[in-house]
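A closer look at the structure
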Amino acid sequence: MKKNTVVIGAQWGDEGKGKIVDLLARQADAVARFQGGANAGHTVKANGREFVLHLLPSGIVHPKKLCFIGNGVVLDPQSLMEEIAQVRSQGIKVEGRLKISPLCNLTMSYHKMLDKARESKATRAIGTTGRGIGPSYIDKVGRLGIRVGDLLQFDVFAQKLKESLKEKNFLLKNYYKVSPASHDAIIREYRKYPALLKPYMADVSLMLNQLIASGKKVLFEGAQGTFLDIDFGTYPFVTSSSTISGGACTGLGIGPSGIGSVLLVAKAYTTRVGNGPFPAEFDPQMADFIRRKAGDEFGRTTGRPRRCGWLDAVMVKRAVQLNGADQLAVTKLDVLDGIKQIKIAVSYGIKGGGYPWTTEELAGCRVRYITLPGWDQPTGGIRSYAKLPANAKKYLQTIEKLTGVKVSIVSVGPDREATIFRG
Ligand code: IMP
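Residues numbered from 1 in each chain as written. Predicted model: local features only at pLDDT ≥ 70, side-chain atom pairs only at ≥ 80, totals over all residues. Heavy atoms only, no water.

Some words on the site of the ligand
The environment of the ligand is made up of 17 residues, and the closest members are Asn39, Thr129, Thr239, Val273 and Arg304. One of the side-chain N or O atoms of Asn39 is found 2.9 Å from an oxygen atom in the ligand. Thr129 is positioned with one of its side-chain polar atoms (N or O) 2.6 Å from an oxygen atom of the ligand. Each residue belonging to the shell around the ligand can be placed in one class, and the counts come to 7 nonpolar, 8 polar and 2 charged. (Near = heavy atom within 4 Å. Polar contact = N/O pair within 3.5 Å; in protein donor to acceptor, adjacent residues only side chain to side chain. Nonpolar A, V, L, I, M, F, W, Y, C, P; charged D, E, K, R; others polar.)

What follows is the structure, encoded as structure tokens:
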């Protein structure tokens, strides 16, 4: 990693960013999360151990790296503490390395209650992770949120909580007809957090700007994926944060000039958890086949089976533009081994070739595919691009041609070693 790099998912999340970030983190001085919350599920396999991270940056598994959680993240302290305890029990030291912005909004128990209540009452459920993400961001932009820094003045925290609960409990009781949140129970639970979180609090923006100015290398770790972006995703079937590369600036307090490279991570096929349009989705039989072949196409946070489809070059090309990507990583290429004919979605049949303006238009589009010959040779053990089967190389070259970006990393298995770097 020669430049400060932001790693972004090209699809609907679960592209294998955790592994790519973990690999690049070895060459970075710091790793920073800038959006999302405990809805993320990043799997990192290192030294024979598997870590499933939700809030902690993937860099945490590297003992010497600084890790940042920026203001754009919504932080659930209970989830964070459980995760810190889990990585500690696996021999990882967190103290002195983890820096959390006091400007992060807190995800409270009532956000999770509202998330679940809203989903169960909705006529058109989004299929959220139930981690309270939407309601946390609603409070943030509605200026009703409580921030990590508020915990340092507990009377201020208690006052804001009281104010917020008036509205939340009215909704929970009268509209959703579920039990309200207890002010006293939250106060009792939160009394421990000022002492637990204070050691991690720091001016993340200042520290990152100083690191960047002194020539240190920072890796910015995106969560979810481009098509879950609050603006550019398949709205309303999206998450509530800016998942695209621009989010790294607003979610950390750095300028665009602090980012040197944008690496877009695309799975060799496409998956999605949750509801919403999926133009290149497989029929149930093929989806089942790929899920079984891949072995792990189940949501890391919720355990839900992921929906599967062919690689969609219209999406990936759009993601290249939205993120300003200059490199592409293609993951899980090995899952396609042995498939006789591989398709790629190349057009949505929209007049003039543009991208659909509404989700309804996207859901109704007529996808056109190209078909490429597959390869029989297993790719999982291959470590150099030159040794990939000719048709696998052709597949990657076709992706490059369709998206206009060079594939610089190919992943052929979950372990760190199962990776091909080009140049
Ligand atoms: P929320 O972020 O929990 O509000 O969920 C909104 C949508 O984003 C749902 O379709 C979720 O399945 C999806 N989503 C959220 N986080 C992830 C993730 O880390 N990977 C894949 N999908 C996610």
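Here's the deal with the sheet that holds strand β7 (residues 98-100)
Pairing within the open sheet is mixed, and its 9 strands lie in the order β7-β5-β2-β9-β1-β10-β14-β17-β18. Two strands bound the open sheet, and with one partner strand each, they are β7 and β18 (419-421). For this sheet, the mean angle separating the axes of adjacent strands, direction not counted, is 20°. Bridge count for strand β1 (residues 5-9) against strand β9 (residues 218-221) is 3 bridges, and the pairing is parallel. Among the inter-strand pairings, Thr5 is bridged to a residue of β9, identified as Leu219. Running over the sheet, helix α11 (residues 313-323) touches β1, β10 (261-267) and β14 (327-331) and is turned about 160° from β10. Relative to β14, helix α13 (residues 390-403) is tilted by about 140°, and along the sheet it contacts β14 and β17 (407-411). (Pairing = 2+ DSSP bridges. Helix = DSSP H or I, 4+ residues; strand = E, 2+ residues; numbered from the N terminus. Axes fitted to C-alpha atoms, helices over the stretch in contact; angles between N-to-C directions. Contact = heavy atoms within 4.5 Å.)

Focus: the packing of aromatic side chains
Scanning the model with the defined rule gives 10 aromatic pairs in all. Relative to Tyr193, the ring of Tyr190 has its centre 4.8 Å away and its plane inclined at 75°; by these criteria the two rings are edge-to-face. With respect to class, Tyr190 is no different from Tyr193; both count as buried. Ring centres of Tyr348 and Tyr355 lie 5.9 Å apart, and the angle between their planes is 50°; on these two criteria the pair is classed as tilted. Classification of Tyr348 as buried rests on a relative accessible area of 3%. Taken together, the ring pairs in this structure connect Trp12, Phe227, Phe278, Tyr348 and Tyr355 into an aromatic cluster. Of note, Lys121 hangs over the ring of Tyr175, and the distance from its end group to the ring centre comes to 4.5 Å. Seen from the ring of Tyr385, Arg422 lies directly overhead, with NZ or CZ sitting 3.8 Å from the centre. (Phe/Tyr/Trp six-rings, centres within 6.5 Å; stacked < 30°, edge-to-face > 60°. Buried < 20%, exposed > 50% of the residue type's maximum accessible area, 1.4 Å probe, protein only. Lys NZ or Arg CZ within 6 Å of the ring centre and 35° of its normal.)

Some points on the pairing of β9
Every second residue of β9 is oriented toward a common face, with Val218 and Phe220 on one face and Leu219 and Glu221 on the other, all of them buried. Pairing analysis gives 4 bridges linking strand β2 (residues 30-33) to β9, with the strands arranged parallel. Across the sheet, Ala30 pairs through a bridge with Val218, a residue of β9.

Describing helix α6 (residues 183-190)
All of the buried residues along α6 are Ile186, Ile187 and Tyr190. Taken down its axis, α6 places every buried residue within 100° of arc, on the same side. Those residues of α6 that are exposed and angled more than 90 degrees off the buried face are Asp184 and Arg188. Turning to α6, the residues buried within the fold contact α2 (77-89), β8 (105-106), α3 (109-121), α5 (154-175) and α7 (193-197). (Arc of directions from axis to C-beta.)

Concerning the nonpolar core
Counting residues in hydrophobic clusters, the biggest one holds 70 residues, and the most contacted among them are Leu208, Phe220, Leu264, Leu333, Tyr395 and Leu396. Here this core gets 6 residues from one element, more than from any other, and that element is α11. Mapping this core onto the domain boundaries places at least three of its residues in each of domain 1 (5-101 + 201-262) and domain 3 (267-421). The contacts of Leu208, once residues within four sequence positions are left out, are Ala32, Phe68, Val218, Leu252 and Ile254. In terms of nonpolar packing, the next biggest core, distinct from the first, is built from 40 residues, Leu56, Cys104, Val148 and Ile187 among them. (Core = buried A, V, L, I, M, F, W, Y, C linked by side-chain atoms within 4.5 Å. Domains from an automatic or database assignment.)

Some remarks on the environment of Phe68
Mapped onto the fold, Phe68 is located in strand β5 (residues 66-69). You can call Phe68 buried: its relative accessible area is 0%. It is 24 Å that separates the C-alpha atoms of Phe68 and Asp326, two residues lying 258 residues apart in sequence. Excluding residues that lie within four positions of it along the chain, Phe68 makes contacts with Ala30, Val31, Ala32, Arg33, Pro57, Lys99, Val204, Met207, Leu208 and Leu211.

Details of the domain arrangement of the protein chain
Domain boundaries assigned for the protein chain yield domain 1 (5-101 + 201-262), domain 2 (105-195) and domain 3 (267-421). Computed from C-alpha atoms alone, the centre-to-centre distance between domain 1 and domain 3 is 23 Å. Opposite the 39 residues of domain 1 that make contact, domain 3 presents 39 residues. Here domain 1 packs against domain 3, burying approximately 3100 Å² in sum over the two surfaces, 56% of which is carbon and sulfur. If you look at where domain 1 meets domain 3, you find 2 salt bridges. Asp14 serves as the salt-bridge partner of Arg306, at 3.3 Å between the closest nitrogen and oxygen. (Buried area = accessible area lost by both parts, 1.4 Å probe. Salt bridge = Lys/Arg side-chain N within 4 Å of Asp/Glu carboxyl O.)

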